[in-house]
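Here's the letter readout for the chains.
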Amino acid sequence: MRKNIVAGNWKMNKNLTESQALITEIRGIVRDENTNKAEIIICPTFLALASASKLLDGSTVKLGAQNCHFEDNGAFTGELSASMLKSVGVSHVIIGHSERRQYFNETNEMLAKKASSAVNQGLTVLFCVGETQSERESEEHFNVIKSQISEGLFHLTAKDMESIVIAYEPVWAIGTGLTASSDQAEEVHAYIRSLISEKFGEATAESTSILYGGSVKPDNAVELFSRANIDGGLIGGAALKARDFFDIIKAIK
Ligand code: PGA
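Residues numbered from 1 in each chain as written. Predicted model: local features only at pLDDT ≥ 70, side-chain atom pairs only at ≥ 80, totals over all residues. Heavy atoms only, no water.

**Notes on the site of the ligand**
Turning to step 1, where the next piece is worked out: Close contacts around the ligand come from 13 residues, with Lys11, His97, Glu169, Gly175 and Ser215 the closest.
Turning to step 2, where the next piece is worked out: Measuring from an oxygen atom of the ligand, one finds a side-chain N or O atom of His97 at 2.7 Å.
Turning to step 3, where the next piece is worked out: At 2.7 Å, a backbone N or O of Ser215 approaches an oxygen atom of the ligand.
Turning to step 4, where the next piece is worked out: Considering the ligand on its own, with 280 Å² of exposed area, one finds that the protein chains cover 97% of that surface.
Turning to step 5, where the next piece is worked out: Across the shell around the ligand, the residue classes break down as 4 nonpolar, 7 polar and 2 charged. (Near = heavy atom within 4 Å. Polar contact = N/O pair within 3.5 Å; in protein donor to acceptor, adjacent residues only side chain to side chain. Areas by Shrake-Rupley, 256 points an atom, 1.4 Å probe, with all protein chains shown as cover. Nonpolar A, V, L, I, M, F, W, Y, C, P; charged D, E, K, R; others polar.)

Here it is in structure tokens:
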């Protein structure tokens, strides 16, 4: 059985005090109302991670980072490694978010190295893929997803894949209020699962969680999460409000 997961990607939002307040609020709601149907992960900025880890001590809420470098240490000014994240209690890391691909020129080759480094450090990777609007319009989306998955993940072993969660995030749906329909999302999720199955076998494909991301809100989450190949969500804007985030978590049945 694969896990249902709801992860919050806070992006470049919330200073330290604001982060601590939101974490405390989420922790409280989860403690009082948790349905235990989904693994819950929050990914604040690097700034807040060490303190978040202390605030989440004893909570079921897991802590993720939004990026890491592929080397363990060295002359990479401004970067952080997977082992450093691990040292402050981080268990998950987002790799390959479309904003990193687009604004920071992260290539599939670089992301493959980041995925290896994170897995080797014992982190679980939330590996993001997704096509742009023009790629969808020209019906290139399956090809784009195939190269992102194969070039980013196919150097790994089936064992490594136990530490990989995939997030399908169509770029045109991120932060735009335009959600993929549940049919569009389900179609791509099923395709991703078939790619994993061809490369790593049926058992790995069946146990890999595939999340949908892109304008998930409490009112569209139920429909999206009801689909066979959608195992939860990666949530941006709605993860910045504890109540909305928890209402999305409750959409997991
Ligand atoms: P959104 O972002 O929910 O604000 O669209 C999702 C993401 O980028 O992970």
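**Digging into the environment of Ile230**
Turning to step 1, where the next piece is worked out: In this fold, Ile230 is placed in the loop between helix 10 (218-225) and strand 8 (232-235).
Turning to step 2, where the next piece is worked out: According to the relative accessible area criterion, Ile230 is buried, its value standing at 3%.
Turning to step 3, where the next piece is worked out: If sequence neighbours within four positions are ignored, Ile230 has contacts with Ser182, Ala185, Glu186, His189, Ile210, Tyr212, Leu224 and Phe225. (Helix = DSSP H or I, 4+ residues; strand = E, 2+ residues; numbered from the N terminus. Buried < 20%, exposed > 50% of the residue type's maximum accessible area, 1.4 Å probe, protein only. Contact = heavy atoms within 4.5 Å.)

**Describing the pairing of strand 3 (residues 62-65)**
Turning to step 1, where the next piece is worked out: Taken together, the 2 bridges between strand 2 (residues 39-43) and strand 3 define a ladder with parallel strand orientation. In the strand pairing of strand 3, Ile41 is matched with Lys62.
Turning to step 2, where the next piece is worked out: Remark: the strand 2/helix 2 (residues 46-55)/strand 3 crossover connection has right-handed handedness.
Turning to step 3, where the next piece is worked out: Bridging between strand 3 and strand 4 (residues 92-95) involves 2 bridges; their strand directions are parallel. Each residue of the ladder has a partner; that of Gly64, found in strand 4, is His92.
Turning to step 4, where the next piece is worked out: Following the backbone out of strand 3, through helix 3 (residues 82-87) and into the adjacent parallel strand 4, one traces a crossover that is right-handed. (Pairing = 2+ DSSP bridges. Right-handed = clockwise from strand over helix to strand, strands pointing away.)

**Re the pattern of salt bridges**
Turning to step 1, where the next piece is worked out: The full count for this structure, using the stated rule, is 15 salt bridges.
Turning to step 2, where the next piece is worked out: Glu106 serves as the salt-bridge partner of Lys114, at 2.9 Å between the closest nitrogen and oxygen. Comparing Lys114 with Glu106, the two get one shared label, buried.
Turning to step 3, where the next piece is worked out: Between Glu162 and Lys159 there is a salt bridge whose closest N-O contact spans 3.1 Å.
Turning to step 4, where the next piece is worked out: Of the residues examined, Glu162 reaches a relative accessible area of 60% and is grouped as exposed.
Turning to step 5, where the next piece is worked out: Look at the salt bridges and you will find they share partners, linking Arg2, Arg193, Glu206 and Asp231 into a network. (Salt bridge = Lys/Arg side-chain N within 4 Å of Asp/Glu carboxyl O.)

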